[in-house]
Amino acid sequence: MSDKGMMEKEEIFSKVLRAGRRTYFFDVRATRANDYYLTITESKKFTNDDGSFHYKKHKIYLYKEDFAGFNEILQEMTDFILEEKGEEVISERHQKNYKPEEQEEVAAGATTTGSPKAFTDVSFDDI
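Conventions and cut-offs
Residues numbered from 1 in each chain as written. Predicted model: local features only at pLDDT ≥ 70, side-chain atom pairs only at ≥ 80, totals over all residues. Heavy atoms only, no water. UniProt positions renumbered as here; feature names shortened; annotations may be inferred. Helix = DSSP H or I, 4+ residues; strand = E, 2+ residues; numbered from the N terminus. Buried < 20%, exposed > 50% of the residue type's maximum accessible area, 1.4 Å probe, protein only. Contact = heavy atoms within 4.5 Å. Patch = residues over 30% accessible without salt bridge, like charges linked within 9 Å, V, L, I, M, F, W, Y side chains within 5 Å. Areas by Shrake-Rupley, 256 points an atom, 1.4 Å probe, with all protein chains shown as cover. Salt bridge = Lys/Arg side-chain N within 4 Å of Asp/Glu carboxyl O. Lys, Arg positive; Asp, Glu negative; His and termini not counted. Charge placed at Lys NZ, Arg CZ, Asp CG, Glu CD. Phe/Tyr/Trp six-rings, centres within 6.5 Å; stacked < 30°, edge-to-face > 60°. Lys NZ or Arg CZ within 6 Å of the ring centre and 35° of its normal. Polar contact = N/O pair within 3.5 Å; in protein donor to acceptor, adjacent residues only side chain to side chain. Core = buried A, V, L, I, M, F, W, Y, C linked by side-chain atoms within 4.5 Å. Expected span 1.5 Å × (residues − 1). Pairing = 2+ DSSP bridges.

Looking at an unreviewed UniProt entry, one finds the protein named PUR family DNA/RNA-binding protein, with Autumnicola musiva as its source organism. Turning to the protein, the UniProt record has this under Sequence similarities (unreviewed entry): "Belongs to the PUR DNA-binding protein family."

Structural data, given as structure tokens:
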């Protein structure tokens, strides 16, 4: 019975953003007092030498009292980047000193440039 209760708690509201080798999970969870908070998990896929995969995960916990400040700074940062550099991804592949063996990291870097814009689509007010 307690397992079922835990399952319900875990699945309050979730969204997934896939961005190349990175995946972002947005999950609404409940505190012991049954208030809600947000976790944002970044999962990055790595390929082992034998061809199998492993994932590294990083998690951010965001509580209601921090929503406004977090949202404001995130919006400010993403606006700044788009104003300074535009929406088009600037890739090292087009630089004169580009070396093909760096491609793995370039690919990883290129995927993250799309994610801040996607983050701004999440309205914390709706949560």
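From this point, the narrative continues.
(A) Structural view of the overall build of the protein. When you go through the protein residue by residue, the secondary structure sums to four helices and four strands. Across the 127 residues in the protein, those meeting the buried criterion constitute 21%. Intrachain contacts of the protein at a sequence separation of at least 6 include 33% that bridge at least 24 residues.

(B) Local environment of a negative patch on the surface. On the surface, Glu72, Glu76, Asp79, Glu83 and Glu84 cluster together into a negatively charged patch. Mapped onto the elements of the fold, Asp79 is located in helix H2 (residues 64-85). Judged by relative accessible area, Asp79 falls into the partly exposed class, the value being 31%.

(C) View of the packing of aromatic side chains. Here the structure, examined in full by the defined rule, presents two aromatic pairs. The side chain of Arg21 reaches across the aromatic face of Phe46, ending 5.8 Å from its centre. The cationic tip of Lys56 hangs over the ring face of Phe46; the distance from NZ or CZ to the ring centre is 5.0 Å.

(D) Broad picture of the side chain of Asp27. For Asp27, the position within the fold is in strand E2 (residues 22-30). No salt bridge is formed by the buried Asp27; its nearest oppositely charged neighbour, Arg29, is found at 4.0 Å. A polar atom in the side chain of Asp27 sits 2.5 Å from the side chain of Ser14. Aside from chain neighbours lying at most four places away, what touches Asp27 is Phe13, Ser14, Tyr37, Leu38 and Thr39.

(E) Up close: the nonpolar core. Grouped together as the largest cluster of nonpolar side chains are seven residues: Ala19, Tyr24, Phe26, Leu38, Ile40, Leu62 and Phe67. Elements supplying a minimum of two residues to this core: E2 and strand E3 (36-47).

(F) Here's a closer look at H2. With 22 residues, H2 should cover 32 Å at 1.5 Å per step; its first-to-last C-alpha distance of 32 Å lies within 8% of that length. Burial in H2 covers these residues: Phe67, Leu74 and Thr78. One or two residues past the end of H2 sits Gly86, with phi positive at roughly 75°.

(G) Geometry of the side chain of Thr39. Assignment of secondary structure puts Thr39 in strand E3. With relative accessibility at 0%, the residue Thr39 sits in the buried group. A polar atom in the side chain of Thr39 sits 3.3 Å from the side chain of Arg29. Sequence-distant contacts of Thr39, defined by excluding residues within four places in its chain, comprise Phe25, Phe26, Asp27, Arg29, Lys59, Ile60 and Tyr61.

(H) Main features of the pairing of strand E1 (residues 13-19). Pairing of E1 with E2 involves seven bridges; the strand directions are antiparallel. If you follow Lys15 over to E2, its bridge partner there is Phe26. Between E1 and E2, which pair antiparallel and follow one another directly, the connecting turn spans two residues, one of which, Gly20, has a positive phi of 65°.

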